[in-house]
Each structure stands twice: as C-alpha cells, then as structure tokens.
Amino acid sequence: MHSEKFFVLDLLPVEILHDIFAYLWAHEILYSFHKISHKIDSIITNHRNYHVNFRSILKQHFDNVCKHIQPKQIISLILSDYTVIYLSLFPIEQFACLCALTLSDIQENHHALFANLNRLKRVTVLEIDTLSYLEFIEPTIQLKRLIVTKYSEADYYHESLLSSLILSNLRSLSLPCCSYHQLRQILSQASKLSSLTISLSISDCTGIDYFAEQRQDMPLTLTHLNLSMHTFSK
C-alpha cells in the first residue's frame, strides 16, 4: 500500500498562505505552488486578491494566468504593449474587483482595446504613460494615486482630462509636466494630497514670479514634495 504524500505547507492556516501570496505576482504563485497538493490548489483557485504583472512575462506564464485565474480575482493589473491583448479575452465587467491599473508603453494601434475601461468603477490607483490615456477612464472614479510617467507634446491639449477628474480623494500624484495654472487647480481641489512629484512648466521668469505670489487658500497636507521647474519659449 502506497502512503499518501505529505506536504508541510498543508499544515499552514489558509490565512498564512494568503499573506504569502500578497507578496508575489500571480504567475509566481502558479509557478511555485500550483499542483503541490489538492489543498494548495484549492486555495489558489479561491484566492481573491491576485496581483497580475504582464509588463515582462514569458508566454507560458501569461497563458497559465489566463487559464487558472479569473478577472474577478484580480485586484491589480499591469499591461504592456504585447500583453494588452489580455483585455480582449474577457468582458471588462468581469474585472469587478480591480483597484490598480498600469498601462505601460502601449502603441496607439492598441488603444481600441481601452474602449470599455470607463466601466471600471473601483480603480483607485492608475499609472499611465501620458495624460491622453485619461480619455478612456471614467471621470467620476475616486483616484487615490495617479502616476503619469512620460511627457508628450499633445499633453498640452489633454490638461482638461485631468481637470475633469474628481481629485478630492487623491493622496499621491506624479506628473512629468504641468502648467502653473493646472497646479493651482490641483492644489485647490486635492485636499488630501500628501505626496506630489511634479515638473512645473513655465514660459519665463515672470511666470515663476506670478506663481510664487499666488496665495494658497486651502492648507496643504503634503509630507513628500519633489518639485522641478523648466522654462520654455512661447
């Protein structure tokens, strides 16, 4: 008679394994723990807080995530140009628990896949390449963190997209370029802002003097500030 294999991990409480999973990407969990035992497989199947990173991933790991993890189990998702096709595999409504979304280095010919992103209502953390991506996002979402990683000359025409967002819950903001008028608006609306990384774009020294003389009516709660300035000629 063959004795059943015994695994030490099976002795751990489910809560401990969930805590371990919180520090790993979804494909790492599947690669490291899948098919160890029936109990572990059951925990993997029922886990509800997956962090999925498709920025740089082997195809076999990408396929494995698509096969074993449902969109409703994902709370954070990172997509790059060659993995953004993932959005076409499932109706956007299935990403019901998605709280954090990163869109990185995605070419314009793939932007059609973003058509239904405005149906994501629970996203509070957003990282995007340029401000233009905001046209795909529902303006009423309550962002707590917004990171824009690159500057595009077209961003001048997309400042209104940022202005249309509700900023009252924003805690952290990073912008590669910002006019002082836009910054004044951000500071007047984002009452909970505690971290700000921004590059201020000013046409000349007169603009710097004007900005410095402006009165800040609402008290700031910033604990982290990284501010740079650059001037440009009109």
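Preceding this section is the structure that the text describes.
Please read these numbers as outputs of a predicted model, since none were measured by experiment.

### Describing the overall build of the protein
Part 1 of the reasoning: When helices and strands are counted, the protein shows seven helices and eight strands.
Part 2 of the reasoning: Counting only residues that meet the buried cut, the protein has 43% of its 234 residues in that class.
Part 3 of the reasoning: Sequence separation of at least 24 residues holds for 59% of the intrachain contacts in the protein that already meet a minimum separation of 6.
Part 4 of the reasoning: With the model as given, the accessible surface of the protein reaches about 13,300 Å², and the carbon-plus-sulfur share is 54%.

### Here's the deal with the packing of helix 2 (residues 26–33) against helix 4 (residues 59–68)
Part 1 of the reasoning: Packing of helix 2 against helix 4 brings their axes to within 9 Å, and their N-to-C directions diverge by 90°. The orientation of helix 2 with respect to helix 4, classified from their angle, is roughly perpendicular. Along the contact surface, helix 2 presents A26, H27, L30 and Y31, while helix 4 presents H61, N64, V65 and H68.
Part 2 of the reasoning: Here the contact of helix 2 with helix 4 is built from residues that sort into four nonpolar, four polar and no charged.

### Concerning helix 2
Part 1 of the reasoning: Of the positions making up helix 2, those classed as buried are A26, H27, I29, L30 and F33. An end-on view of helix 2 places all buried positions within 165° of arc, on one side of the element.
Part 2 of the reasoning: Along its buried surface, helix 2 packs onto helix 1 (14–21), helix 3 (38–46), strand 1 (50–54) and helix 4.

### Some words on the pattern of salt bridges
When their charged atoms lie close together, side chains carrying opposite charge are able to pair.
Part 1 of the reasoning: Throughout the structure, instances matching the rule amount to four salt bridges.
Part 2 of the reasoning: The salt bridge partner of E138 is K121, with a shortest N-O separation of 3.8 Å. In this pair, E138 is assigned in the loop between strand 4 (125–128) and strand 5 (145–148) and K121 in the loop between strand 3 (100–104) and strand 4, connecting sequence segments 17 residues apart.
Part 3 of the reasoning: Exposure remark for K121: the relative accessible area of 56% places this residue in the exposed category.

### Quick notes on unusual backbone geometry
Part 1 of the reasoning: A positive phi angle, near 70°, is found at K35, a position not held by glycine.
Part 2 of the reasoning: Mapping K35 onto the fold places it in the loop between helix 2 and helix 3.
Part 3 of the reasoning: Non-glycine residue D105 carries a positive phi angle of around 55°.

### Quick notes on the pairing of strand 2 (residues 74–80)
Part 1 of the reasoning: Counting buried residues along strand 2, seven of its seven residues qualify, which places the element largely inside the surrounding structure.
Part 2 of the reasoning: As defined by bridge partners, strand 1 adjoins strand 2 across five bridges and the pair is classed as parallel. Across the sheet, the residue bridging to N53 is I78, located in strand 2.
Part 3 of the reasoning: Each parallel crossover has a hand, and for strand 1 linked through helix 4 to strand 2 it is right-handed.

### Concerning the sheet that holds strand 4
Part 1 of the reasoning: The sheet built from eight strands is open, its strands ordered 1-2-3-4-5-6-7-8 with parallel pairing. Both outer strands of the open sheet, strand 1 and strand 8 (224–231), are each paired with one neighbouring strand and no more. The sheet shows a mean angle of 10° between the axes of neighbouring strands, direction not considered.

### Let's talk about the side chain of S179
Part 1 of the reasoning: Among the secondary structure elements, S179 is positioned in strand 6 (residues 172–179).
Part 2 of the reasoning: Not counting residues up to four positions away in its chain, the partners in contact with S179 are E159, L200 and S201.

About the criteria used
- Residue positions within a chain follow its written sequence, with the count starting from 1.
- Side-chain atom pairs in this predicted model are given and counted only at pLDDT of 80 or more, local residue features only at pLDDT of at least 70, and totals for whole chains, interfaces and linings cover all residues.
- Side-chain measures were taken over the full set of non-hydrogen atoms in the model, leaving aside hydrogen atoms and water.
- Here a helix means four or more residues in a row that DSSP labels H or I, a strand means two or more in a row labelled E, and each is numbered from the N terminus.
- Each residue is placed in one exposure class: buried if its accessible area under a 1.4 Å probe, protein chains only, is under 20% of its type's maximum, exposed if it is over 50%, and partly exposed if it falls in between.
- By definition in these notes, contact holds between two residues if any of their heavy atoms fall within 4.5 Å.
- Surface accessibility in these figures is a Shrake-Rupley result with a 1.4 Å probe; residues are shielded only by whichever protein chains are displayed.
- Helix axes use the C-alpha atoms of the stretch in contact, all axes being lines fitted to C-alpha atoms, and the angles between their N-to-C directions lie in the range 0 to 180 degrees.
- With respect to orientation, any angle under 35 degrees is reported as roughly parallel, any angle over 145 as roughly antiparallel, any angle of 65 to 115 as roughly perpendicular, and every other angle as oblique.
- Lys, Arg, Asp and Glu make up the charged group, whereas Ala, Val, Leu, Ile, Met, Phe, Trp, Tyr, Cys and Pro make up the nonpolar group; the residues left over, Gly among them, are polar.
- Throughout, the arc means that of the directions going from the helix axis to the C-beta atoms.
- We define a salt bridge as a side-chain nitrogen of Lys or Arg found within 4 Å of a carboxyl oxygen belonging to Asp or Glu.
- Being paired, for any two strands, means DSSP has found at least two bridges between them.
- Handedness of a crossover: with both strands directed away from the viewer, a clockwise path from the first strand across the helix to the second marks it as right-handed.

Geometric values such as these leave the question of function open.
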